[in-house]
Amino acid sequence: MKKQPPRNIYCLEGNWRTNPRCKQSVRPMLDILRDAAGIKYIYRKCNTREEFFEYLRQYTFERYRNYTILYIAFHGRPNKIQIGRDLVTLREIADVLEGFLAHRIVYFGSCSTMRTKRANIDDFLHRTKANLLSGYRKEVDFIESTAEELQYLQINNRFTYKQKQNFVSKLSIAIFR
């Protein structure tokens, strides 16, 4: 099996609860990937729509070219992510990333975001040039989804597309190419 270069992760995460003392986060999972598999990551907490779009825009900077997995971890709705009370569509995200995602993977760690028309997925892939778009088509439990995401992000560092498809078919994550 041919080993590919490491796919580092650029993660944008929203708030999972309204309580400011809530520590629920995907960051401990990213720490495991760093410590056990050597996968580097950049983590940004996004409390507002404006912060999300600023960090998303920064992802297009040359200094992040080795961070080939964009991991977007928020509450979700069909074709959207939720940031506080604001909803952001796949189209709005593609507007910022248009043409910048060649050889990159976009993963939505958010409920139901991939439950959308195939035309919306194709538009996102075509406009951004992303290699893969993946995420959930249904509501998922935080702990269960975090366990799946740990596996999914790790296999993206080890396997070819076909091998990934075979493995991911056992998970709740949908992959589009």
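Look up a bit, the structure's there.
Note on numbering: residues in each chain are counted from 1, in written sequence order. Per-residue local features are limited, in this predicted model, to residues with pLDDT of at least 70; the limit for side-chain atom pairs, both in listing and counting, is 80 or more; totals at the level of whole chains, interfaces and linings are taken over all residues. Processing note: side-chain calculations cover all non-hydrogen atoms of the structure and skip hydrogens and water entirely.

Asks: Now, about the layout of surface pockets: what can you tell me, with residues and values included?
Replies: Here a cavity denotes grid points, spaced 1 Å and computed from the protein atoms alone, that fit a 1.4 Å probe unable to get out, and a pocket denotes an open set having protein on both sides within 12 Å along at least 5 of 7 lines; residues with an atom within 4 Å of a point are the lining. Grid points are joined across faces, edges and corners, and a volume is the space filled by probe spheres set on the points. Space inside the largest pocket adds up to approximately 240 Å³. What lines the largest pocket is a set of 20 residues, among which Trp16, His75, Cys111, Val140 and Phe142 lie closest to the centre. If you list the elements that add at least two residues to the lining of the largest pocket, you get β4 (75–77) and α5 (142–155). With four residues, the top contributor of residues to the lining of the largest pocket is α5. Helical segments are the DSSP runs of H or I of at least four residues, strand segments are the runs of E of at least two, and each set is numbered from the N terminus.

Asks: Kindly report on the pattern of salt bridges, identifying the contributing residues and their values.
Replies: Any Lys or Arg side-chain nitrogen found within 4 Å of a carboxyl oxygen on Asp or Glu counts as a salt bridge. Scanning the model with the defined rule gives 10 salt bridges in all. A salt bridge links Arg34 to Asp35; its shortest N-O distance comes to 2.8 Å. Measuring nitrogen to oxygen at the nearest pair gives 2.2 Å for the salt bridge that ties Asp95 to Arg127. Of this pair, Asp95 sits in helix α3 (residues 90–97) while Arg127 sits in helix α4 (residues 118–128), and the two are 32 residues apart along the sequence. The buried label applies to any residue whose accessible area, calculated with a 1.4 Å probe on protein chains only, is under 20% of its type's maximum; exposed applies above 50%, and partly exposed to all values in between. Residue classification places Arg127 among the buried residues on the basis of a relative accessible area of 12%. Several salt bridges share partner residues, and in doing so they unite Arg91, Asp95, Glu98, Asp123 and Arg127 into one network.

Asks: Help me get a handle on the packing of aromatic side chains, residues and values and all.
Replies: Aromatic rings from Phe, Tyr and Trp, taking only the six-membered ring of Trp, are treated as a pair when their centres fall within 6.5 Å; an angle between ring planes under 30 degrees marks them as stacked, one over 60 as edge-to-face, and anything in between as tilted. Counted according to the given criterion, the structure contains 10 aromatic pairs. Residue placement shows Arg104 over the ring face of Tyr59; its charged tip is 4.7 Å from the ring centre. Two conditions define a charge located above a ring, namely a distance within 6 Å from the ring centre to NZ of Lys or CZ of Arg, and an angle within 35 degrees of the ring normal.

Asks: Just give me the short version of the pairing of strand β3 (residues 69–73), but keep the residues and values in it.
Replies: Along β3, five of the five residues are buried, which leaves the element largely enclosed by surrounding structure. In this structure, strand β1 (residues 9–13) lies alongside β3, joined through five bridges in parallel fashion. Within the sheet, the bridge partner assigned to Leu12 lies in β3 and is Ile72. If DSSP finds at least two bridges between two strands, the strands pair. Pairing geometry for β3 and strand β7 (residues 105–108), over four bridges, is parallel. The partner of Tyr71 across the bridge, within β7, is Tyr107.

Asks: So what's going on with unusual backbone geometry? Which residues, and what values?
Replies: Its identity is not glycine, yet His103 carries a phi of approximately 65 degrees, on the positive side. Mapped onto the elements of the fold, His103 is located in the loop between α3 and β7. Of note, the phi angle at Ser112 is positive, near 65 degrees, even though the residue is not glycine. With respect to the helices, strands and loops of the structure, Ser112 is situated in the loop between β7 and α4.

Asks: Any details on the side chain of Glu149? Residues and values, ideally.
Replies: When you line up the elements, Glu149 lands in helix α5. The charged-residue count follows a simple rule in which Lys and Arg add positive charge and Asp and Glu add negative charge, with His and chain termini not counted at all. Within the buried set, Glu149 has no salt-bridge partner at all; the shortest N-O distance to an opposite charge, 12 Å, is to Lys138. Pairing of N or O atoms within 3.5 Å defines a polar contact, subject to two protein rules: one partner must be a possible hydrogen donor and the other a possible acceptor, and residues neighboring in sequence count only if both atoms are side-chain atoms. Only 2.3 Å separates the side chain of Glu149 from the side chain of Tyr71, close enough to count as a polar contact.

Asks: Can you break down the environment of Cys11 residue by residue, with the values?
Replies: Assignment of secondary structure puts Cys11 in strand β1. Of the residues examined, Cys11 reaches a relative accessible area of 0% and is grouped as buried. In the structure, Cys11 is positioned 33 residues away from Arg44 in sequence and 6.1 Å away in space, judged by C-alpha atoms. It only takes one pair of heavy atoms within 4.5 Å for two residues to be counted as in contact. Cys11 has contacts with Val26, Leu30, Ile42, Tyr43, Arg44 and Tyr71, leaving out every residue within four places of it along the chain.

Asks: Please give an account of the packing of helix α2 (residues 49–58) against α3 that cites residues and values.
Replies: Angular values range over 0 to 180 degrees, each being the angle between N-to-C directions of two axes fitted as lines to C-alpha atoms, with helices fitted over their stretch in contact. It is at 9 Å that the axes of α2 and α3 come closest, and there the two elements cross at 40 degrees. When the axis of α2 is compared with that of α3, the two are oblique. In this structure, α2 meets α3 at a crossing whose hand is right-handed. Together, Arg49, Phe52, Phe53, Leu56 and Arg57 of α2 and Glu92, Ile93, Val96 and Leu97 of α3 make up the contact between the two elements. Three residue categories are used. Nonpolar comprises Ala, Val, Leu, Ile, Met, Phe, Trp, Tyr, Cys and Pro, charged comprises Asp, Glu, Lys and Arg, and polar comprises the others, including Gly. Considering only residue class, the contact of α2 with α3 consists of six nonpolar, no polar and three charged. Each angle is binned into one of four classes, with values under 35 degrees roughly parallel, values over 145 roughly antiparallel, values of 65 to 115 roughly perpendicular, and all other values oblique. Handedness of a helix crossing follows the sense of rotation of the near helix relative to the far helix, less than a right angle counterclockwise being left-handed and clockwise being right-handed.

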